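# Structural description and commentary
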2 protein chains.
Amino acid sequence: MKISILKNELNESIQHVSKAISSRTTIPILTGIKLEVTHQGVTLTASDTDISIQSFIPTEDENQQIVQVDRPGSVVLPAKFFVEIIKKLPSKEIQMEVKEGFHTFISSGATEIQMVGLDPEEFPVLPNIEGNETISLPGDLLKNMIKQTAFSISTQETTPILTGILWNLAEGEFKFIATDRHRLATRAAKLEGTEDVKFSNVVIAGKTLNELSKIIPDQNMLIDIVVADNQVLFKLDRVLFYTRILDGVYPDTSRIIPTVYKTELTLETKKLSESIDRAYLLSREEKTNIVRLQTLEQGGIEISSSSSELGKVREELDLIDFKGEPLKISFNSKYMLDVLKVIDSEQLTIAFTGMMSPIILKPLDESQALYVILPYRTTN
Amino acid sequence: MKISILKNELNESIQHVSKAISSRTTIPILTGIKLEVTHQGVTLTASDTDISIQSFIPTEDENQQIVQVDRPGSVVLPAKFFVEIIKKLPSKEIQMEVKEGFHTFISSGATEIQMVGLDPEEFPVLPNIEGNETISLPGDLLKNMIKQTAFSISTQETTPILTGILWNLAEGEFKFIATDRHRLATRAAKLEGTEDVKFSNVVIAGKTLNELSKIIPDQNMLIDIVVADNQVLFKLDRVLFYTRILDGVYPDTSRIIPTVYKTELTLETKKLSESIDRAYLLSREEKTNIVRLQTLEQGGIEISSSSSELGKVREELDLIDFKGEPLKISFNSKYMLDVLKVIDSEQLTIAFTGMMSPIILKPLDESQALYVILPYRTTN
């Protein structure tokens, strides 16, 4: 293998695949990045067995030469050092040559590096899951669906299935669900052209989807998703992102979402968020995060919290709309703030079925999102 | 005490004094911020016994009313909650009133807060050290002198005196010295009008001076420094910053700075820094940080490092000037990078007296700075 390559392009690809490098792996070959050079370009691959990322650099793009291939070939290079040194090389061009025993020579400007490479034959082969059902959605929508549900996953490794986000697709509706048993987030979107595709109980680690979010480009391009038996593949332009589907059956969450409400309040998201944030500051000192919300006789609501040591916070907020009965309820303000932070809609409706029943939050926009917070007794 | 005050001004003062609040104190009154209101304005004070910071908010500034004083008085408020809630209040004006038993009522917009206040009589009285010797220097210069020496202090609590920066003033020259026994940094500046002032063995915690740096405003104003027996006071516009002088005698460091050199190299700071940074990346993996520097027969120098597991880095650098004998030396590249990071000068001279002797770095500017790195055998 012998090439000359532009530093920025190589570096960008390295940044993409490096998200799949585990610092804790005990398998030496997985501490490396695999480079494969053909006359079409350079493919970089990294894998931590749960996720694998592949990034392709073509020899030419928009009439600019990116890679000059003198000799195809492949090698696995130590990821941590490779990632850091490429960024810091002095010239915008880099020469690489793999010699006897996978010894790799890298030069750029007056800098010469010898790297101990590993045999690419030892690197795990990525699954071939092309040919399975494929759906497409815009990158921004996928990022949003992840952001608006991932915060509700469980961080407890005792229930691994709840550390994932559940995906269902039926009748053209793609739906994400996440819950840690104290709160639940759902977000759905209509996907055109997927009316014939159907899957359920596809659960992907929330952590993995957050990593995926980081490499989805800002340009709002379409992302292809291939769902196979135990793997999902995301195709982003020149990046392939493979992740495994979590084992197990996701619990049925449909029954914890009430459908009849006693009280419905419509408010401005930002004002409610700021108000609860102030009450949260005090409730946090009590370690409980309990904040109280009550409707006022003269209209509007009161948000309050107190701490025996520090004092009290109390404030009134106007309502845009009020339906149903007066209400007094306590909840975990941290959970409420987590929801308010990811809602893009300027207004939302909070719905209640009673003091000891779940609280529902619904943004007043097209996101088809719905959030449930269990009342205080269950979150302690 | 009853006032109405602008949020931004109160918040700025809180940010200044909050640097003196220790989260680890066991003395309840020191977890608070003291507010004292007179008809002149509001004074905020915080103290962790090592440092005390006082910030004054005048009732008027540039014809704008900042504070309206309805009733003078004072109170101590719980710092952590006070610091965070003030920032987040909804209106730009804040009303505060202290009632019976130091119960404090704060309101802003529709937000009402009750805070449990403490008796200000319990708050420690700051030392009166006015009347001692005072020197003045520009804020930028003081910040620079701190930045260019503080990185060399010891972090080992076993030699407390070396966690400080030594100050000497004699014959109009103000000098900072810091050492952790492996390296040394000195920085001096001529101060006009201080020819009659003299002090030595004034040692101030490096950590404290770094905190001070953060509140020195960007406008390059003069800072007055009052040096008393066991305290130093910094006067910055409306902020007073008190710190204690560390106990003990700072070791004599004059003998470890060589004055005759065998080899002197002059280079571009940025190029040397980038080159050593690349070699450091590899040396770091070996935990030793050892990088080699050697002069080349054909001119220039070679910077290199190697790791048995990962490989080698090697590069050549041009010299602007070369005096003396050829040379080959190993050093701790982390220490060298720390120096190169704080040097503002575009060029520097590195001077050597031999393989096992200290390395000297001198920026080619007016900073009168000098850095010493002991060679490798002593840093292990």
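In this report, we go over the structure that sits alongside the text. Position numbers for residues start from 1 in each chain and track the written sequence from start to end. Going through the entries in the order they are written, you letter the chains from A and number the ligands from 1. Totals for whole chains, interfaces and linings use every residue, but because this is a predicted model, local features are given only for residues with pLDDT of at least 70 and side-chain atom pairs only at 80 or more, for both listing and counting. Note that water and hydrogens are dropped before the side-chain values are worked out from all heavy atoms of the structure.

### Concerning the interface of chain A and chain B
For the record, the criterion: When checking whether two residues touch, look at their non-hydrogen atoms; a contact exists if any pair is within 4.5 Å. The term buried area means the drop in 1.4 Å probe accessible area that two parts suffer when joined, counted for both and summed. We count a salt bridge whenever a side-chain nitrogen from Lys or Arg sits within 4 Å of a carboxyl oxygen from Asp or Glu. The helix and strand labels rest on DSSP assignments: H or I over at least four residues marks a helix, E over at least two residues marks a strand, and numbering proceeds from the N terminus. Residue classes follow a fixed rule: Ala, Val, Leu, Ile, Met, Phe, Trp, Tyr, Cys and Pro count as nonpolar, while Asp, Glu, Lys and Arg count as charged, and any other residue, Gly among them, counts as polar. Only strands that DSSP links by at least two bridges are regarded as paired with each other.
Chain A puts 30 residues into the contact, and the matching count from chain B is 30 residues. Here chain A and chain B share an interface that buries about 2700 Å² over both sides, 52% of which is from carbon and sulfur atoms. Our count for the contact surface shared by chain A and chain B stands at eight salt bridges. Here A:Arg284 ties to B:Glu84 by a salt bridge, and the two come within 2.4 Å at their closest N and O atoms. Looking at the side of chain A that touches chain B, the elements with two or more residues in it are α2 (79-87), β11 (111-116), α5 (269-285) and β23 (311-317) of chain A. Residues that form the side of chain A that touches chain B fall into these classes: 13 nonpolar, four polar and 13 charged. Pairing analysis gives five bridges linking β23(A) to strand β11 (residues 111-116) of chain B, with the strands arranged antiparallel. Residue pairing for β11(B): A:Lys312 is matched across the bridge by B:Gln114.

### Points about the pattern of salt bridges
Note the following rule: The buried label goes to any residue with under 20% of its type's maximum accessible area, the exposed label to any with over 50%, and the partly exposed label to all in between, with areas taken from a 1.4 Å probe on protein chains only.
Throughout the structure, instances matching the rule amount to 39 salt bridges over all chains. When the shortest N-O distance is used, the salt bridge between A:Asp180 and A:Arg183 registers 3.2 Å. Neither residue differs from the other here; A:Asp180 and A:Arg183 are each classed as buried. Notably, a salt bridge pairs B:Arg314 with B:Glu316, separated by 2.8 Å at the nearest N-O pair. A relative accessible area of 24% means that B:Arg314 is categorised as partly exposed. A relative accessible area of 35% means that B:Glu316 is categorised as partly exposed. Salt bridges here are not isolated pairs; linked through shared partners, they connect A:Asp180, A:Arg183, A:Lys334, A:Asp338 and A:Lys341.

Worth remembering: the numbers are spatial, not functional.
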